[in-house]
Amino acid sequence: MENKKGSLKSTIVVSLTNYLDAGAIVAGASGLTLWQDYLGLTAGNLGWLNAISANCFGAAVGAVIGGFLADKYGRKTIYTYNMLVYMLGVAIIMFSVSFPMLLLGFLVTGISVGAGVPASWTYISENSEVGNRGRNIGISQFAWGVGPAIILILGMLLAPGKEGESAGMLFGPVQKAAIFFLGGDTSIEAVNVFSSRIIFGSLFIVAFIAWLLQRRLDESKDWEEAKRVQDKIKQPGVFSSFGLLFTNKVNVRTILFLAGIYITWNLVASVMGFFQQHIYETAGGLSNGQANMLSAVQWLIIVVVTYFGFAMLVDKVNQRWLYFAGTATGISAWFVLIFVGIKNLSALWIFTILWGIHAGMSVQAFYALWASELFPARYRAAAQGVMFFIVRGASAVWGLVFVNIYGAHGEGFYLAAYIMVGLLLFALIVGTIWTPQTRGKTLKQIEEERYGDEK
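Residues numbered from 1 in each chain as written. Predicted model: local features only at pLDDT ≥ 70, side-chain atom pairs only at ≥ 80, totals over all residues. Heavy atoms only, no water.

Caption draft 1: View of the side chain of Thr-329. In this structure, Thr-329 sits in helix α14 (residues 319-340). Classification of Thr-329 by relative accessible area gives buried; the value is 17%. Those residues in contact with Thr-329 that lie beyond four places of it in its chain are Leu-354, Ile-357 and His-358. (Helix = DSSP H or I, 4+ residues; strand = E, 2+ residues; numbered from the N terminus. Buried < 20%, exposed > 50% of the residue type's maximum accessible area, 1.4 Å probe, protein only. Contact = heavy atoms within 4.5 Å.)

Caption draft 2: The arrangement of the pattern of salt bridges in detail. Evaluation of the coordinates by the stated rule reveals 3 salt bridges. Ionic pairing is found between Arg-133 and Glu-373, a salt bridge with its closest N-O pair at 2.9 Å. Separated by 240 residues along the polypeptide, Arg-133 in helix α7 (residues 133-158) and Glu-373 in helix α16 (residues 363-373) bring together distant segments of the chain. What makes Arg-133 buried here is its relative accessible area of 2%. Its relative accessible area of 3% is what places Glu-373 among the buried residues. When the shortest N-O distance is used, the salt bridge between Glu-449 and Lys-441 registers 3.0 Å. (Salt bridge = Lys/Arg side-chain N within 4 Å of Asp/Glu carboxyl O.)

Caption draft 3: Seen up close, the nonpolar core. With 137 residues, the main nonpolar core has Trp-334 and Phe-402 as its most contacted residues. At 18 residues, helix α12 (residues 249-282) tops the list of elements feeding residues into this core. Not counting residues within four places of it along the chain, the set of residues in contact with Phe-402 comprises Val-271, Phe-275, Ile-279, Ala-416 and Met-420. (Core = buried A, V, L, I, M, F, W, Y, C linked by side-chain atoms within 4.5 Å.)

Caption draft 4: The packing of α7 against helix α9 (residues 188-214), seen in detail. The geometry of α7 relative to α9 is characterised by a closest axis approach of 10 Å and an angle of 150° between their N-to-C directions. Comparing their axes, α9 and α7 come out roughly antiparallel. The two elements α7 and α9 cross, and the hand of that crossing is right-handed. For the pair formed by α7 and α9, the contact residues are Ile-151, Leu-154, Gly-155 and Leu-158 on the first element and Ser-195, Ile-198, Ile-199, Ser-202 and Leu-203 on the second. Looking at the contact of α7 with α9, its residues break down into 6 nonpolar, 3 polar and no charged. (Axes fitted to C-alpha atoms, helices over the stretch in contact; angles between N-to-C directions. Parallel < 35°, antiparallel > 145°, perpendicular 65-115°, else oblique. Left-handed = near helix turned anticlockwise from the far one by under 90°. Nonpolar A, V, L, I, M, F, W, Y, C, P; charged D, E, K, R; others polar.)

Given below as C-alpha cells:
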C-alpha cells in the first residue's frame, strides 16, 4: 500500500482544487471595492460576502459535507461532480446584478471549494511515496499560491484607474467590451466591475479543465483497502463517524492541536485573503491597480517560497524549526505596519515581502500535511472536513467582527493589527511546542503508533 510511484502527476491534477480555492478568494478580494461601488454595498454587506464565501462559512459547510462523502463513497466521487458546482457558483457571480445574487454566487462557490479541499489533501497524502508526502502537499500549496498570483496580475492589468491615476494596461478592451454588452449609457461603476466579471470567467475556464482531468483519476488505494475492511463489519454511518471523532482521546487531542494552530492563523489569513486590497486602498490610500500590484508581487513570492522553502525542504529538515521560522516571519511583518505605519509605502512593500515569505511556508502548509497524516484512513477526509468546518466557520464570524473593528475607511486598523499579532503568536507557540514527529514514516506506521488497535 505504501510502495507508491508516480504520485507527482496526480498531485498536480488534484492541486487544481487549491488553485481554484485561493483563486476564488482573491478574485473576490481584487474586485471587492469595484462591487462595492457598483452595488452600493455597506461594510456589513462586505462582511457577509466574506462570511459565506470560499474564505469562510461557505467553505466550512462544503468541507464537512465533502469530507464525509469522500470517506463514504470515495475520493473520486468528489472529483466527478464537485467542479460542476464550482462552475455554477462562478457563473452566478459573473452575471450578478444585485447583492443577493452576488451573495448566492459566493456561497455556492464556497461550498464547492470546501467540499474539494479535504478530499484533495487526503488523496495527495494517500497517493504519495513516504519520502515525498511533504513535497506533494507543498506542491498543492504551490498551486494555492499560483492561483492568486495569476488572478492578481489579471486584476492589475484589468483595473480601472482611481482619481486621475492610470488604469491597467488592458482596461481599455474591458471598457469597450462592457459598453458593447451593456450599452453606451451604462454607468462608470458598471463598466469598472466588468473587469471583475472577466476574472471570475477565467476561474470558470480553469474549473472546467480541472473537472475534465480530475474525473479521470483512479480511486485512492488506501480508501479502497479501508473500505474492504469496513465492509466485513457494519459500515458506520455519517453521524457515527462524526461521533467517533469526538470520543476517541487521540482524535480529541489531534483536533485541539490542529485547531490551535489553524484557527488562530486562519483568522489572520482570511482577512488577508479577502480584505487585503481593500485595506491597502482604504487605510493605505492606494489605487485598485496599486493594491493589486503589491498583492500580486506578494503571491509571486509565496509561490517561490512555497516550492523552495517548503516543498523542497519539509521532508528533509526538522519540521519544528521550519514551522517556527515561517510563523515568526509573519509576526515580524505585522510589526512593520504597526510601528512604521500603514500609510508608508516602504512599510507596505516590506510587509508584502515578509508576509509573502511567511505564507510560503505558512501554518496552512503544515496543517495540510499534518491533518492528512494524523487520522486513520477510514475517516481521514471526514476528520479534515470537520476541522475545515470549524476553522472556516470561525473565520466567518471573525469576518463580521473584523469589519466593525476596522471601520469603513480603516480607522480601526491598528487595533486590528495588534489582534493579528496576538493570534499569530498563539499559533507560533502551540505549533512549535507540539510539532508531530511524522517525518519519514508511512501513513500506516503513523496510524499504528498513534492508535494501536483503537481506530
